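A look at the structure
Next come the chains, spelled out residue by residue.
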Amino acid sequence: MDFPNQHILYQIKQGDEAAFTQLCSYFYFPAVKFCTVILKDQKEAETITESVFAKIWDQRVDIKAEENFQAYLFLNLKSEIFCQMNRYNNPAAKERFLNKIHSFSSNQPFSTSHKK
C-alpha cells in the first residue's frame, strides 16, 4: 500500500492531528532534502518545509485524497521557494536561483526514505 493512502488523507481533512503528524514524519526529510538541494541552505530548507506543512494543515479541507499527495507537496515546496526568491533584490542572484529550480523536472522522483 502506498503512503499516504486515501484513508489517512481523509482523516487529515477531518482534522486528525495524529494522522497529520504521521504524514509530516514520513515526508519531512525528503522535503528538506529537496529544498536543500535547491537552496544550498539547510536551515532555510527546514523553514520552508515547515511553512509548507503548516499551510497544508491550514488548507487541509482542500486536499484531494484521490490525487498524488507527494506531487502536491513538492509542488507546494517549489512554489514556496519561488515566493522566497521574489524577496531577492539582486537580479543575478535571483536568475541563478531560478535556473536551479527550473533544472528540476516536476517528474523527477525523490526518495521518501528516512535516512538521516
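Below is a short write-up of the structure. Note that the structure is a prediction, hence the values are computed from the model and not measured. (Residues numbered from 1 in each chain as written. Predicted model: local features only at pLDDT ≥ 70, side-chain atom pairs only at ≥ 80, totals over all residues. Heavy atoms only, no water.)

**Looking at the packing of aromatic side chains**
The criterion, for reference: Two aromatic rings, drawn from Phe, Tyr or Trp (for Trp, its six-membered ring), form a pair once their centres lie within 6.5 Å of each other, and the interplanar angle then sorts them: stacked below 30 degrees, edge-to-face above 60, tilted otherwise. Counting from the N terminus, the helices are the DSSP runs of H or I reaching at least four residues and the strands are the DSSP runs of E reaching at least two. The rule is simple: take the accessible area with a 1.4 Å probe, protein chains only, and divide by the maximum for that residue type; under 20% is buried, over 50% is exposed, in between is partly exposed. In this scheme, the term charge over a ring applies when either NZ of a lysine or CZ of an arginine sits within 6 Å of the ring centre and within 35 degrees of the ring normal.
Counted under the stated rule, the structure contains seven aromatic pairs. With centroids separated by 4.9 Å and ring planes inclined at 50 degrees, the aromatic side chains of Phe 20 and Trp 57 adopt a geometry described as tilted. Taken as a pair, Phe 20 in helix H2 (residues 17-39) and Trp 57 in helix H3 (residues 42-58) lie far apart in primary sequence, 37 residues in all. In this pair, the class of Phe 20 matches that of Trp 57, namely buried. An aromatic cluster is present here, built from Tyr 26, Phe 27, Phe 69 and Tyr 72 joined pairwise through their rings. The aromatic ring of Trp 57 is capped on one face by Arg 60, whose charged end is 3.9 Å from the ring centroid.

**Comments concerning the packing of H2 against helix H4 (residues 69-85)**
As a reminder, the rule being used: Here, axes are lines fitted to C-alpha atoms. For helices the fit covers the stretch in contact, and angles between N-to-C directions go from 0 to 180 degrees. Note on terminology: angles under 35 degrees are roughly parallel, angles over 145 are roughly antiparallel, angles of 65 to 115 are roughly perpendicular, and the others are oblique. Left-handed describes a crossing in which the near helix is turned anticlockwise from the far one by less than a right angle; the clockwise case is right-handed. In what follows, residue pairs with any heavy atoms lying within 4.5 Å of each other are defined as contacts. Under the grouping applied here, Gly and all other residues not named as nonpolar or charged are polar, the nonpolar ones being Ala, Val, Leu, Ile, Met, Phe, Trp, Tyr, Cys and Pro and the charged ones Asp, Glu, Lys and Arg.
The interhelical angle for the contact between H2 and H4, taken along N-to-C directions, is 40 degrees, at an axis separation of 11 Å. As judged from the angle between their axes, H2 and H4 are oblique. Here H2 runs over H4; the crossing is right-handed. Contacts between H2 and H4 involve Leu 23, Phe 27, Pro 30, Ala 31, Phe 34, Cys 35, Ile 38 and Leu 39 on the former and, on the latter, Phe 69, Gln 70, Leu 73, Phe 74, Leu 77, Lys 78 and Ile 81. A breakdown of the residues in the contact of H2 with H4 according to their chemical character gives 13 nonpolar, one polar and one charged.

**Remarks on the environment of Ala 45**
Locating Ala 45 in the fold gives a position in helix H3. Under the relative-accessibility criterion, Ala 45 is labelled buried at 0%. Linking Ala 45 and Val 32, residues 13 residues apart in sequence, is a C-alpha distance of 5.4 Å. Discounting residues that sit within four places of it in the chain, Ala 45 has contacts with Val 32, Cys 35, Thr 36 and Leu 39.

**What about H4?**
Selection rule: For a helix, the expected span equals 1.5 Å multiplied by the residue count minus one. Of all possible arcs, the one meant is that of the directions from the helix axis to the C-beta atoms.
With 17 residues, H4 should cover 24 Å at 1.5 Å per step; its first-to-last C-alpha distance of 24 Å lies within 8% of that length. Every buried residue of H4 is accounted for by Phe 69, Leu 73, Phe 74, Leu 77, Glu 80, Ile 81, Gln 84 and Met 85. Seen along its axis, H4 keeps its buried residues to an arc of 160 degrees; they face one direction.

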